Amino acid sequence: MKYTAKDIANILSLPAVNAADIVVEQLLTDSRKLVFAAQTLFFALPGPRRDGHEFIETLYDQGVRCFVVNATKMDVSKIKAYCKGAIFFEVPNCLEALQQIAAHHRASFTMPVIGITGSNGKTIVKEWLYQLLHASYHIVRSPRSFNSQIGVPLSVWKMDATNDLAIFEAGISTTGEMQRLAPIIKPTIGVLTHMGPPHAEGFANGMSQKINEKLRLFESVDTLIYGKDQVQDFDIEEAIGRMKPGVHFFSWSRKAPATLVVTNEKIKDNQAHINLLFAGESMDVVIPFTDKASTENAMLCILTLLALGKDFAFIKQQLMLLSSVDMRMQFKKGINGCTFINDSYNLDFDSFVVGSFYLQSQAAGRDASIIVSDFSEAGPLAKEVYSHVAKHSAALGLKRFIGIGPTIKTHQAQIQKEFASTSTELSFYDSTSSFLQQFRLQDFYNEIILLKGARVFEFERIANWLEQKMHETVLEINLTALAHNVKQIQHSIGASTKLMAVVKAFSYGNGSAELARTLASVKTDYLAVAYVDEGVELRKAGIHLPIMVMSPDEAGFEAMVTYGLEPEIYSFEIYNAFGSFLKYQGIDHYGVHLKFNTGMNRLGFEPADVVTLATKISTDKCMIVKSVMSHLVASDAPEHDTFTMEQITVFKNICNILQENIGYSFIRHIANSHAVLRHPDSRLDMVRVGIGLYGTSASATNGFRKVASLKTTVAQIRKVPAGATVGYERAAVMQKDTLVATVRIGYADGYDRRFSLGAGKMYIRGVLCPVVGLVCMDMTMIDVSEVKDISIDDEVEIFGEHIAIETLATWSGINMYEMMSGINARVKRVYIEE
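Caption draft 1: Spotlight on the overall build of the protein chain. Across its full length, the protein chain carries 28 helices and 39 strands. The C-alpha radius of gyration computed for the protein chain amounts to 31 Å, which stays within 12% of the reference 28 Å derived for 834 residues, consistent with globular compactness. Over its C-alpha atoms, taken along the principal directions, the protein chain stretches across nearly 100 × 75 × 55 Å. Across the protein chain, the fraction of contacts at a sequence separation of at least 24, relative to all contacts at a separation of at least 6, is 67%. For the protein chain, the computed accessible surface area is about 35200 Å², with 50% contributed by carbon and sulfur atoms. Mean positive and mean negative side-chain charge positions of the protein chain (81 and 89 charges, respectively) differ by 1 Å.

Below, the structure written as structure tokens:
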């Protein structure tokens, strides 16, 4: 369905607007996920660190013309003066406006809507219902865990006339929240999952109040599905008895009476074989899981299918197709031979148990440790929760147990009592910051560590700390020079052309996150990385710019969607794989970038593929084209300029055909660092600049500044007599008495062995000092006979102010791209601003 700006004003009870030509199809709360700017309505929501009002001007520059704003949060006159022609819907509360629009949209449909709520299992039940029913219905569902005050309206907005079943989940953490979500979802079928302690602190009167609040979602349902065994210490029958007359109740239990009774369960061949009694008939089902939670979730799914009229033959067949839902644990290598599991997606006792069991399974005889934060949802149940945590942890045989947060620290004595008979080291800290300041990194050695923290404790800081590497050789990055170079490029290309900064390969060795923050501050439009994990690290570092992934693979699709990264699609194989993933996840119109081969013959669709590809995109509707790109082969070489122009012509023709067939425009980009300067006709809608940002020879004559300097220090100095040899293989024989300095850099740091035997030089105190002998793994020897007053720990420049990176390339025959990206991650990055 399409809404005009006039419709939006009417829904929000605002004065009519004179903008009949503006159509709203997309609701946006995250500026990084902009797709169709002209059809987008942006809600300027406040956040814990950033406010949506800060991004209005940027979104306006990207083409957005409709905004829902709170006039008290911004200088309205200033913003309107900048955003000429934009429509501003001024409301007291932007979130409530979003919910109001979504509720209006929901009221337009009469299809069955399944609403799911509970403490645990909401997302799993939703995903399993989709797996069981997607062949029978055209389903719209909540993407991933979109169950919040923001996620629910964005999910419901996806409903359209092609759907015949909707499945939405709702999560709440305090009273009053479900009252706002219920009219947005307005379910006809309700599913109540397992009820337990999570989010209990928002309910002053305990579990009874929490369950009654959850049940408010079901005030409109015709059918309610629940498990009698899944509600702890609460009379669920009494509560549902107060619901509206005529509701059909479907319950399950391990003992009668219930609609569906589990009469027998056994585990065989890693499957659960379950005997059920339904309507007086006995039947057997098998599910491909063996844990108790999966069995309970499966029972809710069976009841839902029965309520929808499916027979047991269908149900039994479909159950065997169930697959697991990602638990979002991250397993990473750390310092000192350690590995750690970052499981900070949520924190309740059940997920803590799951995480700790995974820790045990991965330990394989190694020492195991747990770092856990306050259970922020525990509230009045804190004593009981921490008692359970302590008892469970004490049985694991841990090396250490570290508690972080004021609440867990107040229960220190209680936890210590449970650990009294163990050798586990216990320590407690008030905050993540105090832990990082007081705990010694070197105390972690060859162990596996579980990080289990509530989101507010920012355990990603601990994860980054555990990954930290130290080295005396440093790569010094001048962020002021980087910003200067970006502005030079922006001036060259003009305001109408966007800039994509390529920060792949650790930003050519310079450190991605820090550079990305500077690039964002000077209004770079896009970032590009080679692989998904590079983009994930940028997101974890707080980078909000759109990010294109140039080499996506199936293993990274989950992380890519989770972190809002946009893949480069370069073949039908990767298109089909990503399309299948999106359909499985219930995601449509995901932004992608198409790559065509115009002469590089490396990656990309062929020009002849354009019509076929356009047809698939238009038919499948799971992806939308954000940009189309190609790669110039030799834009730096004058002798190949004719071929470069042929590439540009072919690319323009591809874009014209694609746009004609898919019916909308997109960003076109083919220019790289060299082409930006040498081929103005290649700039089109956006340029991709990588190594040119860093002041290399590609831009040295255009007012650019050098950004990176690689430096090390002198470790030792000795006099080597004539006739003696230096280094491995006795490769260097001294022709005269020579003063030799050993410096702290080698080929393991990225200083290539091709600099051996005088091919390379280093700068010390005004003198270029040649390499003596062979470059070693961690050290290199240089002739410092001409250096006056040299001493240990003197600074040594490898490249920077006095030696250009392109000079090193000439000395060694190594491509400067290879040289920059080959600087090892163990080399410490130091960032400076002038």
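Caption draft 2: Layout of the pattern of salt bridges. Enumeration according to the criterion identifies 27 salt bridges in this entry. Linking Lys80 and Glu90 is a salt bridge whose minimum nitrogen-to-oxygen distance equals 3.1 Å. Placement of Lys80 in helix α3 (residues 76–82) and of Glu90 in strand β6 (residues 87–90) is noted, with a sequence separation of ten residues between them. In this structure Lys80 comes out as partly exposed when scored by relative accessible area, which is 38%. Owing to a relative accessible area of 33%, Glu90 belongs among the partly exposed residues under this scheme. For Glu296, the salt bridge goes to Arg254, with nearest N and O atoms at 3.7 Å. Taken together, the residues span a long stretch of sequence, with Glu296 in helix α10 (residues 292–307) and Arg254 in the loop between β12 (248–253) and β13 (260–268) at a distance of 42 residues.

Caption draft 3: Layout of the environment of Glu801. Structurally, Glu801 can be placed in the loop between β38 (795–799) and α27 (805–812). On the basis of relative accessible area, Glu801 is assigned to the exposed category, the value being 65%. With 93 residues separating them along the chain, Glu801 and Ala708 place their C-alpha atoms 8.8 Å apart. Apart from the residues lying within four places of it in its own chain, the contact partners of Glu801 are Lys706 and Ser709.

Caption draft 4: Summary view of the packing of helix α5 (residues 122–133) against α10. As a packed pair, α5 and α10 sit with axes 10 Å apart at the nearest point and diverge in direction by 50°. Relative to α10, the element α5 is oriented oblique. Remark: the crossing between α5 and α10 carries right-handed chirality. From α5, Ile124, Val125, Trp128, Leu129, Leu132 and Leu133 reach across to α10, where they touch Ser294, Asn297, Ala298, Leu300, Cys301, Thr304 and Leu305. Class assignment for the residues of the contact of α5 with α10 results in ten nonpolar, three polar and no charged.

Caption draft 5: Representation of the side chain of Ser142 within the structure. For Ser142, the location among the structural elements is in the loop between β8 (139–141) and α6 (151–156). Residue classification places Ser142 among the buried residues on the basis of a relative accessible area of 1%. With near-sequence residues (within four places) excluded, Ser142 lies in contact with Lys126, Glu127, Ser155, Ile167, Phe168 and Glu169.

Caption draft 6: Region of the structure containing the state of the cysteines. In this structure the tally under the stated criterion is zero disulfides. Left unpaired, Cys94 is separated from the closest cysteine sulfur, that of Cys66, by 14 Å. The exposure class assigned to Cys94 is buried, which follows from its relative accessible area of 5%. Just so you know, Cys776 is unpaired, no disulfide at all, and the nearest cysteine sulfur is the one on Cys769, 17 Å from it. Assessed through its relative accessible area of 12%, Cys776 is described here as buried.

Caption draft 7: The nonpolar core, seen in detail. Ranked by internal contacts, the top residues of the largest apolar core, which has 105 residues, are Leu527, Phe578 and Leu594. Per element, the largest residue contribution to this core is seven residues, and it comes from helix α18 (residues 479–493). Leaving out residues up to four positions away in the same chain, Phe578 has contacts with Phe557, Met560, Val561, Pro567, Ile569, Tyr590, Val592 and Met623. Judged by nonpolar contacts, the second largest core, of 38 residues, contains Ile189, Ile225, Leu306 and Leu308.

Caption draft 8: Expanded view of the environment of Thr339. Relative to the helices and strands, Thr339 resides in strand β17 (residues 339–342). Exposure remark for Thr339: the relative accessible area of 8% places this residue in the buried category. Sequence spacing of Thr339 and Ala363 is 24 residues, and the spatial spacing of their C-alpha atoms is 9.4 Å. At 3.1 Å, the side chain of Thr339 and the side chain of Arg366 are in polar contact.

Caption draft 9: Up close: the sheet that holds strand β10 (residues 189–192). Taken in spatial order, the nine strands line up as β8-β9-β7-β10-β11-β12-β13-β14-β15 in an open sheet, and their pairing is mixed. For this open sheet the edge positions go to β8 and β15 (281–287), each flanked by a neighbour on one side alone. The mean inter-strand angle of the sheet, taken between neighbouring strand axes irrespective of direction, is 20°. In the sheet, strand β7 (residues 113–117) pairs with β10 via four bridges, with the strands oriented parallel. Following the sheet pairing, Thr117 is matched in β10 by Leu192. Packed on one face of the sheet, helix α11 (residues 312–319) meets β13, β14 (271–278) and β15 and runs near 20° to β15.

Caption draft 10: Representation of the side chain of Thr424 in the model. Position of Thr424 relative to the elements: it lies in the loop between α15 (412–418) and β20 (425–429). Residue Thr424 is classed as buried on the basis of its relative accessible area of 11%. Within the local environment of Thr424, its side chain forms a polar contact with the backbone oxygen of Leu398, the two atoms lying 2.8 Å apart. Discounting residues that sit within four places of it in the chain, Thr424 has contacts with Leu398, Lys399, Arg400, Phe401 and Phe419.

Caption draft 11: Summary view of the sheet that holds strand β23 (residues 498–502). Pairing within the open sheet is parallel, and its eight strands lie in the order β29-β28-β27-β26-β25-β24-β23-β30. Both edges of this open sheet fall to β29 (667–669) and β30 (686–689), since each of them pairs with a single strand only. Pairs of neighbouring strands in the sheet enclose a mean axial angle of 30°, with direction left out of account. Where strand β26 (residues 566–569) lies against strand β27 (residues 590–595), two bridges are found, and the strand directions are parallel. Note on β27: the bridge partner recorded for Glu568 is His593.

Reading guide: rules and limits
Residues numbered from 1 in each chain as written. Predicted model: local features only at pLDDT ≥ 70, side-chain atom pairs only at ≥ 80, totals over all residues. Heavy atoms only, no water. Helix = DSSP H or I, 4+ residues; strand = E, 2+ residues; numbered from the N terminus. Rg over C-alpha atoms; globule rule 2.2 N^0.38 Å. Contact = heavy atoms within 4.5 Å. Areas by Shrake-Rupley, 256 points an atom, 1.4 Å probe, with all protein chains shown as cover. Lys, Arg positive; Asp, Glu negative; His and termini not counted. Charge placed at Lys NZ, Arg CZ, Asp CG, Glu CD. Salt bridge = Lys/Arg side-chain N within 4 Å of Asp/Glu carboxyl O. Buried < 20%, exposed > 50% of the residue type's maximum accessible area, 1.4 Å probe, protein only. Axes fitted to C-alpha atoms, helices over the stretch in contact; angles between N-to-C directions. Parallel < 35°, antiparallel > 145°, perpendicular 65-115°, else oblique. Left-handed = near helix turned anticlockwise from the far one by under 90°. Nonpolar A, V, L, I, M, F, W, Y, C, P; charged D, E, K, R; others polar. Disulfide = S-S within 2.5 Å. Core = buried A, V, L, I, M, F, W, Y, C linked by side-chain atoms within 4.5 Å. Polar contact = N/O pair within 3.5 Å; in protein donor to acceptor, adjacent residues only side chain to side chain. Pairing = 2+ DSSP bridges.

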